[in-house]
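# Descriptive analysis of the structure
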Amino acid sequence: QTGVPDGRIVAVGHHALFSVRARIEHWTFTHVKITKGAIREGIIEMEVDLNSLKTPLFWLTPMLKGPLFLDTERYPVALVKIVEITPQQISLYGIGKYKAILELHVRDTTKRYEIDFEITESAPVRAQGAFTIHRSELGLGSPLHPLDILAMRDEVDVRFDLQIPAEIKPGGFFIFGYPDQN
């Protein structure tokens, strides 16, 4: 998939006094495959351009991209893989709620998260969801000290609203892929 992605990825970090929103402006789906009738074995993979991270605070964006946090000079891309997709409550056209495993690879660390998401449109597929990461598990930021009131909390909430290069056929079967593929 090329061009400007359709959707939104937002991360919200929390501080004792305020919260900080950061958005990712560029990502690419690198592999999308779900076979008819085999949703659980499906895979959605994407690359997230960490250099496209922006915050409303001019001084915060370079700090988050710097060596203490994301270190985008050495690690410009995060890899996201969604596997084990399990329908929970869906309509005939696949619109509804799902669970999945999200594997996030940042810097040299990969963590798995159980996520809930919802398919809100079937043609094209639009997915919305949220999950929480812990910075310390991914080596992002300085070690936390419980008495440091200036430190950002360990938890970062990530929300997404993405158009996935796919469509859903009646019966809830996904047909994923790019226009030139079957």
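Scroll up for the structure.
Everything quoted here is computed from the prediction, not taken from an experiment. (Residues numbered from 1 in each chain as written. Predicted model: local features only at pLDDT ≥ 70, side-chain atom pairs only at ≥ 80, totals over all residues. Heavy atoms only, no water.)

This part is about the overall build of the protein chain. Secondary structure assignment for the protein chain yields 2 helices and 12 strands. Scanning the protein chain from its N terminus toward the C terminus, one meets helices and strands in the order β-β-β-β-β-α-β-β-β-β-α-β-β-β. In the protein chain, which comprises 182 residues, the proportion classed as buried is 43%. For the protein chain, long-range pairs separated by at least 24 residues make up 56% of all intrachain contacts whose partners lie at least 6 apart in sequence. As presented, the protein chain carries roughly 10200 Å² of accessible surface, and 55% of it is formed by carbon and sulfur atoms. (Helix = DSSP H or I, 4+ residues; strand = E, 2+ residues; numbered from the N terminus. Buried < 20%, exposed > 50% of the residue type's maximum accessible area, 1.4 Å probe, protein only. Contact = heavy atoms within 4.5 Å. Areas by Shrake-Rupley, 256 points an atom, 1.4 Å probe, with all protein chains shown as cover.)

Of all 11 residues in strand E7 (residues 96-106), 8 are buried, a share of seventy percent or more. Pairing between strand E6 (residues 77-90) and E7: 9 bridges, direction antiparallel. Opposite Lys81, over in E7, you have Glu103 as the bridge partner. In this sheet, strand E8 (residues 109-122) lies alongside E7 in antiparallel orientation, the contact comprising 11 bridges. (Pairing = 2+ DSSP bridges.)

Before going further, it helps to spend a moment on the packing of aromatic side chains. With the rule as written, the count across this model stands at 3 aromatic pairs. Considering the side-chain rings of Tyr98 and Phe117, the 5.4 Å spacing of their centres and the 10° angle between planes classify their relative orientation as stacked. Here Phe117 lies in strand E8 and Tyr98 lies in strand E7, a separation of 19 residues in the sequence. Of the two residues examined, Tyr98 and Phe117, each falls in the buried class. Consider the rings of Phe131 and Phe160, whose centres lie 6.5 Å apart with planes at 50°: the pair is tilted. A residue pair is termed long-range when its members are at least 10 positions apart, and Phe131 in strand E9 (residues 125-134) and Phe160 in strand E10 (residues 152-164) qualify at 29 residues. (Phe/Tyr/Trp six-rings, centres within 6.5 Å; stacked < 30°, edge-to-face > 60°.)

This paragraph deals with the side chain of Ser52. Here Ser52 is to be found in the loop between strand E4 (38-49) and strand E5 (53-54). Taking the relative accessible area as the measure of exposure, Ser52 reaches 4% and is therefore buried. Polar contacts involving the side chain of Ser52 include one to the main-chain carbonyl oxygen of Asp49, which spans 2.7 Å. (Polar contact = N/O pair within 3.5 Å; in protein donor to acceptor, adjacent residues only side chain to side chain.)

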